[in-house]
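Residues per chain are reported as follows:
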Protein chains: 2
Amino acid sequence: MAVPERANSTDFRLTPQRRAILEAVRETACHPDAAWVYERVRRSLPNISLGTVYRNLGLLAQEGLIRELALDDQVSHWDGWIEPHDHIVCIHCGKVANVEVAALSDAIDGEAEHAAGYRVLGYRLCLQGICPECQAGGKS
Amino acid sequence: MAVPERANSTDFRLTPQRRAILEAVRETACHPDAAWVYERVRRSLPNISLGTVYRNLGLLAQEGLIRELALDDQVSHWDGWIEPHDHIVCIHCGKVANVEVAALSDAIDGEAEHAAGYRVLGYRLCLQGICPECQAGGKS
DNA sequence: ATCGTTGCAAATAGTTTGCAACTAA
DNA sequence: TTAGTTGCAAACTATTTGCAACGAT
């Protein structure tokens, strides 16, 4: 369960920019996109560029330190929690929460033989719903 | 099970462009993107513009005549089969096939109470795997 | 010295939009 | 004659890339 502190590649330097990006993604529960991370990191590193943020979000994910989310959005979102889990998106406000659908992995493995002859390696699941706040606000 | 021929809105005209786009999406099993549809439709309507294709893919989906896919791709894909079903993408060649994971809906409903207080309305599932052709081609 | 990394700016890809002309009821 | 639709082109958004300068080993 320990969060990796060290990257996989030997020649992957954890520069101040990368550390700040990693911390920004880890410290929030909001599943941010690149623009959010950019604004957040600029507080401590005002000269960082958006290109560097994009570059390093991808590289950090490649190193296994963060995860790219599979939301149905046209912008990429990122998650500092790298254990396998899924997400639910509020269709009203867009807020994202983590969900663990334990029974799902089994259900999917059980259905694998129906998968048109494909060998099934994994899945991406994203639930849609209404968050507690929007329910309270009278959204149906 | 009948495929709708008529759109939901009264003032939605099934113009030649729209009919051609609809037929193109329905006639193929390849789950095409806008560029593919554009090229296909240009055979019969050489002057159609890409903007019209984009516009009408969205409108046809809004009318319930086609579906937008929830693949993990940065480009939108479309499906003429509008009954609820999911998809599996080959991680080698990108080919998309339909899958029906019957047990899934129940499994997800059963897990709904764990969904961080959200009211669960639906889900998007996309399996990843290796297609028969790539398996035969020696891909692991 | 080397080689990964950065900031900047330009480029790219996919998609959307404004608008005048067109078209069917 | 009106309201929806089209083709065109420009605009837009998210992201990627080329490159010279920088910096840690």
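The structure this text deals with has already been given above.
Quick caveat: nothing in here was measured; it's all calculated off a predicted structure.

Student: Explanation requested: the nonpolar core in the structure shown.
Tutor: Note that soluble globular proteins tend to have their nonpolar side chains buried in a common cluster. In terms of nonpolar packing, the biggest core is built from 27 residues, with Leu104 and Leu125 of chain A together with Leu104 and Leu125 of chain B touching the most fellow members. Elements that contribute at least two residues to this core include exactly strand E3 (86-90), strand E4 (96-99), helix H4 (102-110) and strand E5 (119-130) of chain A together with strand E3 (86-90), strand E4 (96-99), helix H4 (102-110) and strand E5 (119-130) of chain B. Among residues more than four places away in sequence, those in contact with leucine 125 of chain B are Ile108, Tyr123, Arg124 and Leu125 of chain A together with Asp86, His87, Val101 and Leu104 of chain B.

Student: Teacher, can you tell me more about the protein's contact with DNA strand C here?
Tutor: In the neighbourhood of DNA strand C, 18 residues make up the surrounding shell, with Thr15, Arg18 and Thr52 of chain A together with Tyr54 and Ser76 of chain B lying closest. Of all DNA strand C atoms lying within 4 Å of any protein atom, the proportion belonging to sugar or phosphate reaches 77%. Within the backbone of aspartate 11 of chain A, an N or O atom sits 3.5 Å from a sugar or linking oxygen of DNA strand C. Within the side chain of arginine 55 of chain A, an N or O atom sits 3.0 Å from a base nitrogen of DNA strand C. Broken down by secondary-structure element, the contributors of at least two residues to the surface near DNA strand C are helix H1 (16-27) and helix H3 (50-62) of chain A together with helix H3 (50-62) of chain B.

Student: What is the right way to read the relation of the copies chain A and chain B from this model?
Tutor: A rotation about an axis combined with a shift along that same axis relates the two copies of the chain. With an RMSD of 0.0 Å, the operation that places chain A on chain B is a rotation of 180° combined with a shift of 0.0 Å along the axis. On the angle and the small slide along the axis, the relation comes out as a two-fold axis. Within chain A, leucine 125 of chain A has its C-alpha nearest the rotation axis, a separation of 2.3 Å. Interface residue correspondence from chain A to chain B reaches 100%, placing this contact among same-surface, isologous pairings.

Student: What should I look at first to understand the protein's contact with DNA strand D in this one?
Tutor: Near DNA strand D, the surroundings consist of 19 residues, among which Tyr54 and Ser76 of chain A together with Thr15, Arg18 and Thr52 of chain B are the closest. Among the atoms of DNA strand D close to the protein, meaning within 4 Å, 77% are from sugar or phosphate groups. Contact between DNA strand D and arginine 55 of chain A: a base oxygen at 3.5 Å from a side-chain N or O atom of the residue. At a separation of 3.2 Å, a phosphate oxygen of DNA strand D approaches a polar side-chain atom of asparagine 56 of chain B. Among the secondary structure elements, those contributing two or more residues to the surface near DNA strand D are H3 of chain A together with helix H1 (16-27) and H3 of chain B. When grouped by side-chain class, the residues that make up the surface near DNA strand D number 5 nonpolar, 8 polar and 6 charged.

Student: I would appreciate a short explanation of the sheet that holds E3 of chain A in the present structure.
Tutor: Within a sheet, adjacent strands bond to each other through the backbone by hydrogen bonds, running parallel or antiparallel. Strand order in the open sheet formed by 6 strands is E4(A)-E3(A)-E5(A)-E5(B)-E3(B)-E4(B), and the pairing between neighbours is mixed. Of all strands in the sheet, those with a lone pairing partner are E4 of chain A together with E4 of chain B, marking the two edges. Across the sheet, the mean angle separating the axes of adjacent strands is 30° when strand polarity is ignored. With 4 bridges joining them, E3 of chain B and E5 of chain B adopt parallel strand pairing. Within E5 of chain B, the residue paired with isoleucine 88 of chain B across the bridge is leucine 127 of chain B.

Student: Is there a simple way to explain the pattern of salt bridges in this structure?
Tutor: In a structure, side chains of opposite charge can pair up when their charged atoms sit close to one another. Residue and element names in this part refer to chain B. Scanning the model with the defined rule gives 8 salt bridges over all chains in all. Between glutamate 27 and arginine 40 there is a salt bridge; the shortest N-O distance is 2.7 Å. Of the two residues, glutamate 27 sits in helix H1 while arginine 40 sits in helix H2 (residues 34-42), which places them 13 residues apart along the sequence. For glutamate 27, a relative accessible area of 47% gives the class partly exposed. Arginine 42 is paired through a salt bridge with glutamate 39; the nearest N and O atoms lie 3.5 Å apart. Taken together, the residues span about one helical turn, with arginine 42 and glutamate 39 both in helix H2 at a distance of 3 residues. Using a relative accessible area of 44% as the deciding quantity, one classes glutamate 39 as partly exposed.

What counts as what
Residues numbered from 1 in each chain as written. Chains lettered and ligands numbered in written order. Predicted model: local features only at pLDDT ≥ 70, side-chain atom pairs only at ≥ 80, totals over all residues. Heavy atoms only, no water. Core = buried A, V, L, I, M, F, W, Y, C linked by side-chain atoms within 4.5 Å. Buried < 20%, exposed > 50% of the residue type's maximum accessible area, 1.4 Å probe, protein only. Helix = DSSP H or I, 4+ residues; strand = E, 2+ residues; numbered from the N terminus. Contact = heavy atoms within 4.5 Å. Near = heavy atom within 4 Å. Polar contact = N/O pair within 3.5 Å; in protein donor to acceptor, adjacent residues only side chain to side chain. Least-squares fit on C-alpha atoms with pLDDT ≥ 70 in both. Nonpolar A, V, L, I, M, F, W, Y, C, P; charged D, E, K, R; others polar. Pairing = 2+ DSSP bridges. Axes fitted to C-alpha atoms, helices over the stretch in contact; angles between N-to-C directions. Salt bridge = Lys/Arg side-chain N within 4 Å of Asp/Glu carboxyl O.

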